[in-house]
Amino acid sequence: MRAAKQHVSAWFESVWYENRPMARTILSPLSYLFCYLAKQRRTKLSLEQQPFSVPIIVVGNITVGGTGKTPLVIWLVEQLRAAGYRPGVVSRGFGGKQVGVKFVHVKKTASEVGDEPLLIAQRTAVPVVIGRDRNAAIVHLLTRTNCNLVISDDGLQHYRMKRDLEIAVIDGARRFGNGYCLPAGPLREKPERLQDCDFVVTNGIAEQGEYSMHIRGENLQSLVGEEQCALSLFQGQSVNAVTGIGNPARFFSHLKSAGLNLIEHVFPDHHAFTAEDLKFRDDLPILMTEKDAVKCRNFPAETIKNAWYLPIAAELEAVFAERLVQRLKELTHRG
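Residues numbered from 1 in each chain as written. Predicted model: local features only at pLDDT ≥ 70, side-chain atom pairs only at ≥ 80, totals over all residues. Heavy atoms only, no water.

Draft legend 1. Expanded view of the sheet that holds strand S11 (residues 238–243). Overall, mixed pairing links the six strands, which are arranged S10-S9-S14-S13-S11-S12 in an open sheet. Either end of the sheet is taken by a strand with one partner, and the two such strands are strand S10 (228–230) and strand S12 (261–266). Taking the axes of each pair of neighbouring strands and ignoring which way they run, one obtains an average angle of 30° across the sheet. Sheet analysis places strand S9 (residues 219–222) next to S10, joined by three bridges and oriented antiparallel. When the sheet's bridge partners are listed, Asn-219 is paired in S10 with Ala-230. Each of S11, S12, strand S13 (286–289) and strand S14 (307–310) touches helix H7 (residues 248–257); the most contacted strand, S12, lies at about 165° to it. (Pairing = 2+ DSSP bridges. Helix = DSSP H or I, 4+ residues; strand = E, 2+ residues; numbered from the N terminus. Axes fitted to C-alpha atoms, helices over the stretch in contact; angles between N-to-C directions. Contact = heavy atoms within 4.5 Å.)

Draft legend 2. Local environment of the packing of aromatic side chains. Following the criterion strictly, the structure yields 11 aromatic pairs and no others. On the numbers, 5.1 Å between centres and 50° between planes, the contact of Tyr-211 with Phe-320 is tilted. Taken as a pair, Tyr-211 in strand S8 (residues 211–216) and Phe-320 in helix H10 (residues 318–334) lie far apart in primary sequence, 109 residues in all. On the accessibility criterion, Tyr-211 (11% relative accessible area) is buried. Geometrically, the ring pair formed by Phe-251 and Phe-252 is tilted, given 6.2 Å between the ring centres and 45° between the ring planes. An aromatic cluster is defined as three or more aromatic residues linked by ring pairs; in this entry it consists of Trp-11, Phe-12, Trp-16 and Tyr-17. (Phe/Tyr/Trp six-rings, centres within 6.5 Å; stacked < 30°, edge-to-face > 60°. Buried < 20%, exposed > 50% of the residue type's maximum accessible area, 1.4 Å probe, protein only.)

Draft legend 3. Summary view of the state of the cysteines. As enumerated under the stated definition, the model contains one disulfide in all. Note that Cys-35 is cross-linked by a disulfide to Cys-181, the S-S spacing being 2.1 Å. Between Cys-35 and Cys-181 the disulfide shows an S-S torsion of about 100°. By sign, it is right-handed. Separated by 146 residues along the polypeptide, Cys-35 in helix H2 (residues 21–46) and Cys-181 in the loop between strand S6 (165–171) and strand S7 (199–203) bring together distant segments of the chain. With no disulfide of its own, Cys-229 lies closest to Cys-296 among cysteine sulfurs, the gap being 17 Å. (Disulfide = S-S within 2.5 Å.)

Draft legend 4. Quick look at the pattern of salt bridges. A full pass over the atoms with the stated rule returns 23 salt bridges. Between Arg-216 and Glu-315 there is a salt bridge whose closest N-O contact spans 2.7 Å. Here Arg-216 is found in strand S8, whereas its partner Glu-315 is found in strand S15 (residues 313–316), with 99 residues between them in sequence. Under the relative-accessibility criterion, Arg-216 is labelled partly exposed at 38%. On the accessibility criterion, Glu-315 (41% relative accessible area) is partly exposed. (Salt bridge = Lys/Arg side-chain N within 4 Å of Asp/Glu carboxyl O.)

Limitation: the analysis is restricted to geometry and does not speak to function.
If you want it as structure tokens, here you go:
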């Protein structure tokens, strides 16, 4: 089953990011319909927005797949906390089994609350609430904490949620693929949607009007205990590189640039890892992302004794943080 899903996913990505004109042409009528319905949905749901007494910042994207939203959310929490705000985070909790609106406790498992919310909670120690209904999640957060600002991890297309600032994240390498909406392309909305966003952050080299974000990660952390080591220590070695993220190529590229020889193991985004997934026919080190590691830390020690994850951090231009804080001050003053 997993192999079939990976095959289908790989086929669609080849249509979106490679030159597959025939497949694109066949799917294009559905794309036009998708774009039309997305626009109609935005118009309708925006009329139903619920106002809140604190600023709401939405971090999202207009494409399918990972663009780097979670590292940006963590960076935003750190920057805004340093500026004197008391931020909280809401998220859908994709991949988690819990229903309704719930706080994310750091001792919960990713299978309960989702990998990204758990990672954000563990890295930032700010209140994180999950729920499919973002408005209900915000109410839950604000009535039970002293947060005076809310960051929505994803939710750019959750138009029932009123937002004061929108930050769209795009992949600097893949950009918008072939420029088509789903299913012929990777777009959830047309690129023109970015004109309505307050900020556009590019994971990679930014173009005019965008702010560049770069991801750094030089030290590995063991899944067993507190041991750390430099990624460079694995230079020239073969390793099992394991991912269950939206854009595994970015992680693999980072490891390759450090001089590692990769045996790549690609799983679907938000994959619910089991110990069996990490049992390979060799004793080579296993390297994974921090997002994947939160789902594997409780595996038997024998399975993860030589497993490591790569904590990463976002780096952005100082001018972006300055302008973001200034916009928030303007909102507060206007309110």
